[in-house]
Amino acid sequence: MIVLAVVSAVVGAASNAVGTAFQRKAASSVSRGGGLRLLAALVRRPAWMVGIAGVTGAALFQALALVNGPMALVQPLFILELPFALLIAVPLMRRRLPAAGWWAVAAVVTGLAVVLAAAAPEGTRNQAGMDRWVPVLALVLGAMAVAVVLARPSRSSLFRAAALATAAALGNALTAALMKSATGRLAQAGLPAFLTSWQTYGFALVGVCALLLLENSLQAGALAASQPALTIGDATTSLVLGVALFDERIRTGWWLVPELAGAFLILWGVVRLTRVVPRLVELAH
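Residues numbered from 1 in each chain as written. Predicted model: local features only at pLDDT ≥ 70, side-chain atom pairs only at ≥ 80, totals over all residues. Heavy atoms only, no water.

**Quick word on the overall build of the chain**
Part 1: Broken down by element type, the chain carries 12 helices and zero strands.
Part 2: Seen in sequence order, the chain has helices and strands lined up from the N terminus as α-α-α-α-α-α-α-α-α-α-α-α.
Part 3: When the 285 residues of the chain are sorted by exposure, 47% land in the buried category.
Part 4: Contacts in the chain between residues at least 24 apart in sequence constitute 84% of all its contacts with a sequence separation of at least 6.
Part 5: About 13500 Å² of surface is accessible on the chain, with carbon and sulfur atoms providing 72% of the total. (Helix = DSSP H or I, 4+ residues; strand = E, 2+ residues; numbered from the N terminus. Buried < 20%, exposed > 50% of the residue type's maximum accessible area, 1.4 Å probe, protein only. Contact = heavy atoms within 4.5 Å. Areas by Shrake-Rupley, 256 points an atom, 1.4 Å probe, with all protein chains shown as cover.)

**Re the side chain of N216**
Part 1: Mapping N216 onto the fold places it in helix α10 (residues 198-220).
Part 2: Among the polar contacts made by the side chain of N216, one reaches the main-chain carbonyl oxygen of L212 at a distance of 2.8 Å. (Polar contact = N/O pair within 3.5 Å; in protein donor to acceptor, adjacent residues only side chain to side chain.)

**Comments concerning the side chain of D234**
Part 1: Note on placement: D234 falls in helix α11 (residues 223-246).
Part 2: No salt bridge is formed by the buried D234, whose closest oppositely charged neighbour, K180, lies at an N-O distance of 14 Å.
Part 3: If we skip the residues at most four places from it in the chain, D234 touches Q75, A169, N172, A173 and A229. (Lys, Arg positive; Asp, Glu negative; His and termini not counted. Salt bridge = Lys/Arg side-chain N within 4 Å of Asp/Glu carboxyl O.)

**Some thoughts on the pattern of salt bridges**
Part 1: Considering all chains together, one arrives at three salt bridges under this definition.
Part 2: A salt bridge links R132 to D247; its shortest N-O distance comes to 2.9 Å. Of this pair, R132 sits in helix α7 (residues 130-150) while D247 sits in the loop between α11 and α12 (256-284), and the two are 115 residues apart along the sequence.
Part 3: On the basis of relative accessible area, R132 is assigned to the partly exposed category, the value being 26%.
Part 4: A relative accessible area of 31% means that D247 is categorised as partly exposed.

**Re the nonpolar core**
Part 1: Residues W133, L174, L241 and L245 are the most contacted members of the largest nonpolar core, which totals 61 residues.
Part 2: If you tally residues by element for this core, the top one is helix α8 (residues 157-189), at 15 residues.
Part 3: When near neighbours in sequence (up to four residues on either side) are disregarded, L241 contacts M71, V136, V140, A173, L174, A177 and F246. (Core = buried A, V, L, I, M, F, W, Y, C linked by side-chain atoms within 4.5 Å.)

**Describing the packing of aromatic side chains**
Any aromatic ring pair is given by two values, namely how distant the centres are and how the planes are angled relative to each other.
Part 1: Applying the stated rule across the entire model yields three aromatic pairs.
Part 2: Measuring from centroid to centroid gives 6.4 Å for W133 and F246, while their planes differ by 80 degrees, and the two rings are edge-to-face. Placement of W133 in helix α7 and of F246 in helix α11 is noted, with a sequence separation of 113 residues between them.
Part 3: Here W133 falls in the buried class, since its relative accessible area comes to 0%.
Part 4: Given the relative accessible area of 1%, F246 is considered buried.
Part 5: Among the aromatic side chains, those forming a connected cluster through ring pairs are W133, W198 and F246.
Part 6: Just above the ring of W255 sits the side chain of R251; from NZ or CZ to the centre is 3.6 Å. (Phe/Tyr/Trp six-rings, centres within 6.5 Å; stacked < 30°, edge-to-face > 60°. Lys NZ or Arg CZ within 6 Å of the ring centre and 35° of its normal.)

**Digging into the packing of α7 against α10**
Part 1: Two elements in contact, α7 and α10, have axes separated by 13 Å at closest approach and are oriented at 15 degrees. Relative to α10, the element α7 is oriented roughly parallel. When the axes of α7 and α10 are compared, the crossing they make is left-handed. Where α7 approaches α10, its residues M130, W133, L137, M144 and V148 are matched on the opposing element by W198, Q199 and L213. (Axes fitted to C-alpha atoms, helices over the stretch in contact; angles between N-to-C directions. Parallel < 35°, antiparallel > 145°, perpendicular 65-115°, else oblique. Left-handed = near helix turned anticlockwise from the far one by under 90°.)

Just distances and angles here, no functional claims.
This is how it looks when you write it as structure tokens:
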């Protein structure tokens, strides 16, 4: 079960990398507008539709992974999306990845392996009572709303991109939690239970909002501002939600030392990759 969860999550990360790359290409071609106006402009672009296909495939693999493994294990594996995106883009642009890029990829992969090996996430629950859902929904949705308010047009483009990406990361993590609960009902009680579960419609609604926030963050500013917030925010929030909602467990005590060291490696690698990607794009033009 755990092996299937890991494989599904890794494949989902690769699919999401394809989707995000095409979404960013489409979003960067829209000069003005935001919110629903941006979405209306994007649906007319073939690149965005390809991106949506990639994201849809990622969601299916994510659901399979969440049914078979703890959220605190599955969601951090989606950090691999960024190095996957770079490795996909390099041959498409007929470019060679510089040494700095390879070091960054190695840092992300190594850091992720260290974090997951040290934390050793475990847990088998996929349901939570309303006494847990209500405060979680209030806190996460409230934090998303605050991030959106802070990302007002008068702010700098870097701040707006980071704030909107943070809101998208929170939305992605909440979507994963709702999806885990909904797909758990599907696996346990069949399609009728899935279709009558509020979590099913919850993850669909929150997922659309997170997607819209992602599109706006990609348009608002540089990848160097949005990607670290999106990557680290999603993984961290997912880990917290897994523990808070589903009683998932991670190792603490002295294990926090390698966990923090691995997290630092991931952050360093992500920041380095966001600097390599724009240079490759510029060289390709």
